[in-house]
Amino acid sequence: MTKVGFVRVKSELCGYGLGKGTKYSFDGVEEIIKKRVENGWSFEGYIPIETRGTGDIETMSLIFQKEE
């Protein structure tokens, strides 16, 4: 049977730049994916959950899959 798991990640302010203004990042995403993969999950992708008025992703859901 296939098990599916989701982890929501919210972007955080990391600085200011030109153009769109403020800069945001998803700190810790690689570590979340690495830990899940080490525990037998496979990373399948992500779904944007919330976006800003500029079209940038505010919150995303990481998708994982595991055979049991």
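See the structure printed just above.
It should be emphasised that the depicted structure is a prediction, and the values quoted were computed from it without experimental measurement.

Explain the overall build of the protein residue by residue, including any values.
Per the secondary structure count, the protein includes one helix and five strands. When the elements of the protein are put in sequence order from the N terminus, they spell out β-β-β-α-β-β. The C-alpha atoms of the protein give 14 Å as radius of gyration, which overshoots the globular expectation for 68 residues (11 Å, by more than 25%). Within the protein, contacts between residues at least 6 apart in sequence are counted, and of these 50% link residues at least 24 apart. For the protein, the exposed area adds up to about 4900 Å²; of that, 53% sits on carbon and sulfur atoms. Measuring between centres, the 10 positive side-chain charges of the protein sit 2 Å from its 11 negative side-chain charges.

Talk me through the side chain of T59; I want residue IDs and the actual numbers.
Within the secondary structure, T59 sits in strand β5 (residues 57-67). For T59, a relative accessible area of 7% puts it in the buried group. Dropping the residues within four chain positions of it, T59 is found in contact with R8, V9, K10, I47, P48, I49 and E50.

Requested: an account of the sheet that holds strand β1 (residues 2-10), with residues and values cited.
Sheet strands pair by backbone hydrogen bonding; their relative direction is either parallel or antiparallel. On the basis of which strands lie adjacent, the open sheet formed by three strands has the order β1-β5-β4 and antiparallel pairing. Each edge of the open sheet carries a strand with a single partner, namely β1 and β4 (42-51). In this sheet, neighbouring strand axes are inclined to one another by 25 degrees on average, regardless of whether the strands run parallel or antiparallel. Pairing of β4 with β5, which is carried by eight bridges, proceeds in the antiparallel orientation. Note that in β5 the partner of F43 across the bridge is F64. Contacts from helix α1 (residues 29-38) reach β1, β4 and β5, with the element oriented near 10 degrees to β5.

How would you summarise a negative patch on the surface if you had to cite specific residues and measurements?
Judged by side-chain charge, E12, D27, E30, E31 and E38 come together as a negatively charged surface patch. At three residues, α1 tops the list of elements feeding residues into the negative patch. Following the sequence through the fold, E12 ends up in strand β2 (residues 12-16). Of the residues examined, E12 reaches a relative accessible area of 48% and is grouped as partly exposed.

Procedures and definitions
- Residues numbered from 1 in each chain as written.
- Predicted model: local features only at pLDDT ≥ 70, side-chain atom pairs only at ≥ 80, totals over all residues.
- Heavy atoms only, no water.
- Helix = DSSP H or I, 4+ residues; strand = E, 2+ residues; numbered from the N terminus.
- Rg over C-alpha atoms; globule rule 2.2 N^0.38 Å.
- Contact = heavy atoms within 4.5 Å.
- Areas by Shrake-Rupley, 256 points an atom, 1.4 Å probe, with all protein chains shown as cover.
- Lys, Arg positive; Asp, Glu negative; His and termini not counted.
- Charge placed at Lys NZ, Arg CZ, Asp CG, Glu CD.
- Buried < 20%, exposed > 50% of the residue type's maximum accessible area, 1.4 Å probe, protein only.
- Pairing = 2+ DSSP bridges.
- Axes fitted to C-alpha atoms, helices over the stretch in contact; angles between N-to-C directions.
- Patch = residues over 30% accessible without salt bridge, like charges linked within 9 Å, V, L, I, M, F, W, Y side chains within 5 Å.
- Salt bridge = Lys/Arg side-chain N within 4 Å of Asp/Glu carboxyl O.

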